[in-house]
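Chain by chain, the residues run as shown.
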Amino acid sequence: MPGVKANTQGKGKEKEKVGGGGAAGIKERKGGGDKVMCTVCRSEFNAKAARKQLQDHVDSKHSKLSIKECFPDYTHDLGA
Ligand SMILES: [Zn+2]
């Protein structure tokens, strides 16, 4: 039955589309970035760096600012 076969293939394609579009697309939109940049002095850090590493940078270089002000792109481990 050609009709049934076509239907099955269509479903498969749909699944592929959803899986491929999600996470990869988001990463690209962020600039392929596994890095976060300090918006104040443009120092780069690994996006998966421990929060403490960024905190140390902020404390020593921009003690009047918060991590979120220096690294607005850094969402890892910041919580709410
Ligand atoms: Zn900085």
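The text that follows walks through the structure, step by step, so that each part is easy to find. Counting starts from 1 at the beginning of each chain's written sequence and moves along it residue by residue. Since the coordinates come from a predicted model, pLDDT governs what is reported: local features require at least 70, and pairs of side-chain atoms require 80 or more to be given and counted, while whole-chain, interface and lining totals use all residues.

1. Examining the overall build of the chain
- Strands here mean DSSP runs of E at least two residues long; helices mean DSSP runs of H or I at least four residues long; both are numbered from the N terminus. For the chain, the helix and strand inventory stands at three helices and two strands.
- By the criterion used throughout, residues are in contact when their C-beta atoms, derived from the backbone, lie within 7 Å. For the chain, the proportion of contacts with a sequence separation of at least 24, taken over those separated by at least 6, is 36%.

2. Details of the nonpolar core
- For the purposes of this analysis, a nonpolar core is taken to be any set of buried Ala, Val, Leu, Ile, Met, Phe, Trp, Tyr and Cys residues that are connected through C-beta atoms within 7 Å. For every residue, the other C-beta atoms within 10 Å of its own C-beta are counted; 20 or more classify it as buried, 12 or fewer as exposed, and values in between as partly exposed. C-beta atoms are placed from the backbone. If you look at the biggest cluster of nonpolar residues, it comprises seven residues: Val-36, Cys-38, Leu-54, Val-58, Cys-70, Phe-71 and Tyr-74.
- Each residue touching Cys-38, except ones within four places of it in the same chain, is listed here: Ser-43, His-57, Cys-70 and Phe-71.

3. Considering the environment of Val-36
- With respect to the element layout, Val-36 can be found in strand 1 (residues 35–37).
- Residue Val-36 is classed as buried on the basis of its C-beta count, with 23 C-beta atoms lying within 10 Å.
- Placed 36 residues apart in sequence, Val-36 and Pro-72 show a C-alpha to C-alpha distance of 8.5 Å.
- Excluding residues that lie within four positions of it along the chain, Val-36 makes contacts with Phe-45, Ala-47, Phe-71, Asp-73 and Tyr-74.

4. Re unusual backbone geometry
- With phi around 65°, Arg-42 is a residue other than glycine that occupies positive phi space.
- Along the polypeptide, Arg-42 turns up in the loop between strand 1 and strand 2 (44–46).

5. Comments concerning the environment of Asn-46
- Here Asn-46 lies in strand 2.
- In this structure Asn-46 comes out as exposed when scored by C-beta crowding, with 12 C-beta atoms within 10 Å.
- Separated by 28 residues in sequence, Asn-46 and Tyr-74 place their C-alpha atoms 9.6 Å apart.
- Residue contacts for Asn-46: discarding those within four places in its chain leaves Asp-34 and Lys-35.

6. Notes on the environment of Met-37
- In this fold, Met-37 is placed in strand 1.
- Look at Met-37 and you get partly exposed, because 18 C-beta atoms sit within 10 Å.
- If we skip the residues at most four places from it in the chain, Met-37 touches Arg-42, Ser-43 and Glu-44.

Any functional reading would require information that these geometric values do not contain.
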